[in-house]
Amino acid sequence: MDNTNYSVVSEFVLLGLSSSRELQIFYFVFFSMLYIVIILGNLLIIIAVTSDSSLHSPMYFLLGNLSFFDICQASFATPKMIVDFLSEHKTISFSGCIAQIFFIHLFTGGEMVILVSMAYDRYVAICKPLHYMTIMNQTTCTALVVISWAVGLVHTLSQLSFTVKLAFCGPNEVDSFFCDLPRVVKLACIDSYITEILIVVNSGILSLSTFSLLVSSYVIILVTVWFKSSAAMAKAFSTLAAHIMVVVLFFGPCIFIYVWPFTTYPVDKILAIFYTVFTPILNPIIYTLRNRDMKAVMGKIAAHYLRPPKVAEMSFVARISLY
Ligand SMILES: *[C@@H]1O[C@H](CO)[C@@H](O)[C@H](O)[C@H]1NC(C)=O
């Protein structure tokens, strides 16, 4: 086939979440507020784990990096989606579209590996407590973060390398609020069957392998504590329940959308909201509301940055420590 015959698509139209005017205004308000909470919540976690020495442990180091991934994940498409709710012409340039594809696979790929690293950290802490400090040393922690970014980068570059050969000449309407790769590939005017297979295999290998690593580490941890005591079991379970919730909400939609992308379902774009908006907000909620150490540090930060009058500050700190 001769690609030069095609008129080249220079921009895509994003159909967004809804075409109803009232709903779009509601979404605008709703997602703007969510976005602000995501950014502030995750920034607060990053500030807390980097500034407070009581949180200088591998678990919080990884948590801080997860929050960083969450901010990235929530920011590559959501602000544009929010602005688009109010605009008539929801278009994105061709290079903007490629950039979104690049970032979503970079951040989701990296986030998957960070989640595995966090599960590994809990595995070492619970199953090999005596070796925790030697295994999870500074070098290991840094290596886990570097590996996360490297895996994300390799994953996204391979997805893009499958896609560059495609030509776009025909319809340019993407039925989503961002350039979701399976939907963009569907618009190609040369046969994209092989490309779709490569994309599925690439996403499938990454998401299914990290998902099975996560599930097996949780099973090993639960089996280990099962034989210790019911108190240890209850404690481990409450920690893991938080992890498992994030993992299900994050991997469920990813696997659904990317491992069966040959047929795109209307529900896909709703599911995409889960890993772009709902998982980034879960971590701050889970870790700040359920974790005693984190709550104490948050209280200190609030007292430091908000600088209320002296008396109020005292009572605020006192209230936190009474908590
Ligand atoms: C994330 O990882 C980097 C590199 O290992 C480290 O320098 C940084 O402090 C970490 N971020 C947080 C918020 O812990």
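Procedures and definitions
Residues numbered from 1 in each chain as written. Predicted model: local features only at pLDDT ≥ 70, side-chain atom pairs only at ≥ 80, totals over all residues. Heavy atoms only, no water. UniProt positions renumbered as here; feature names shortened; annotations may be inferred. Helix = DSSP H or I, 4+ residues; strand = E, 2+ residues; numbered from the N terminus. Axes fitted to C-alpha atoms, helices over the stretch in contact; angles between N-to-C directions. Parallel < 35°, antiparallel > 145°, perpendicular 65-115°, else oblique. Left-handed = near helix turned anticlockwise from the far one by under 90°. Contact = heavy atoms within 4.5 Å. Nonpolar A, V, L, I, M, F, W, Y, C, P; charged D, E, K, R; others polar. Near = heavy atom within 4 Å. Polar contact = N/O pair within 3.5 Å; in protein donor to acceptor, adjacent residues only side chain to side chain. Areas by Shrake-Rupley, 256 points an atom, 1.4 Å probe, with all protein chains shown as cover. Phe/Tyr/Trp six-rings, centres within 6.5 Å; stacked < 30°, edge-to-face > 60°. Buried < 20%, exposed > 50% of the residue type's maximum accessible area, 1.4 Å probe, protein only. 1 Å grid on protein atoms, 1.4 Å probe; cavity = no way out; pocket = protein on both sides within 12 Å on 5 of 7 lines; lining within 4 Å. Points joined across faces, edges and corners; volume = space filled by probe spheres on them.

Student: Sorry if this is basic, but what is going on with the UniProt feature "transmembrane region" (unreviewed entry) in the protein here?
Tutor: Taken from the UniProt record, the annotation "transmembrane region" (unreviewed entry) applies to residues 25-47, 59-78, 98-120, 141-158, 205-227, 239-260 and 272-289. Between the end C-alpha atoms of residues 25-47 the distance is 33 Å, and the span holds 100% helix and 0% strand.

Student: When you look at the packing of helix 4 (residues 94-127) against helix 8 (residues 193-226) in this model, what are you seeing that I'm missing?
Tutor: In helix packing, the relevant descriptors are the interaxial angle and the interaxial distance, both defined with respect to the helix axes. Remark: helix 4 packs on helix 8, axes separated minimally by 10 Å, with the N-to-C direction vectors making an angle of 15°. What the angle tells us is that helix 4 and helix 8 run roughly parallel. Every pair of crossing elements has a handedness; the one defined by helix 4 and helix 8 is left-handed. Contacts from H105, G109, M112, L115, V116, A119, R122, Y123, I126 and C127 of helix 4 reach helix 8 at S203, L206, S207, T210, L213, L214, S217, Y218, I220, I221, T224 and V225. Along the lines of polarity and charge, the residues of the contact of helix 4 with helix 8 split into 14 nonpolar, seven polar and one charged.

Student: Looking at this model, I keep getting lost on the site of the ligand. Mind explaining?
Tutor: Looking at the ligand, the residues that line it are I46, V49, T50, F61, G64, N65, T142 and V145. F61 places a polar main-chain atom, nitrogen or oxygen, 3.3 Å from an oxygen atom of the ligand. Between the ligand and the protein, one listed contact pairs an oxygen atom with a side-chain N or O atom of N65 at 2.6 Å. Starting from 360 Å² of accessible surface for the ligand in isolation, the protein chains cover 65%.

Student: Teacher, can you tell me more about the packing of aromatic side chains here?
Tutor: Two aromatic rings are characterised by how far apart their centres lie and by the angle between their planes. For the structure shown, the criterion picks out 19 aromatic pairs. Geometrically, the ring pair formed by F68 and W149 is tilted, given 6.2 Å between the ring centres and 55° between the ring planes. Linking F68 in helix 2 (residues 58-75) with W149 in helix 6 (residues 138-163), this pair joins segments that are 81 residues apart in sequence. Residue class for F68 comes out partly exposed when judged on its relative accessible area of 39%. When the centroid spacing of 5.0 Å and the interplanar angle of 55° are considered together, the rings of F177 and F178 count as tilted. For the pair F177 and F178, a shared accessibility class is recorded, and that class is buried.

Student: Hey, could you run me through empty space enclosed by the protein in this one?
Tutor: Once rolled over the atoms, a probe with the size of a water molecule shows which space is left empty. A complete count under the given rule lists four cavities of 30 Å³ or more for this structure. Of the pockets and cavities examined, the largest cavity occupies roughly 100 Å³. If you go around the largest cavity, the residues you meet are I104, H105, T108, G109, M112, H155, S203, L206, S207, C254, Y258 and Y275. For the lining of the largest cavity, the secondary structure elements donating two or more residues are helix 4, helix 8 and helix 9 (230-259). Sort the elements by how many residues they give to the lining of the largest cavity and helix 4 lands first, with five residues. Residues that form the lining of the largest cavity fall into these classes: six nonpolar, six polar and no charged.

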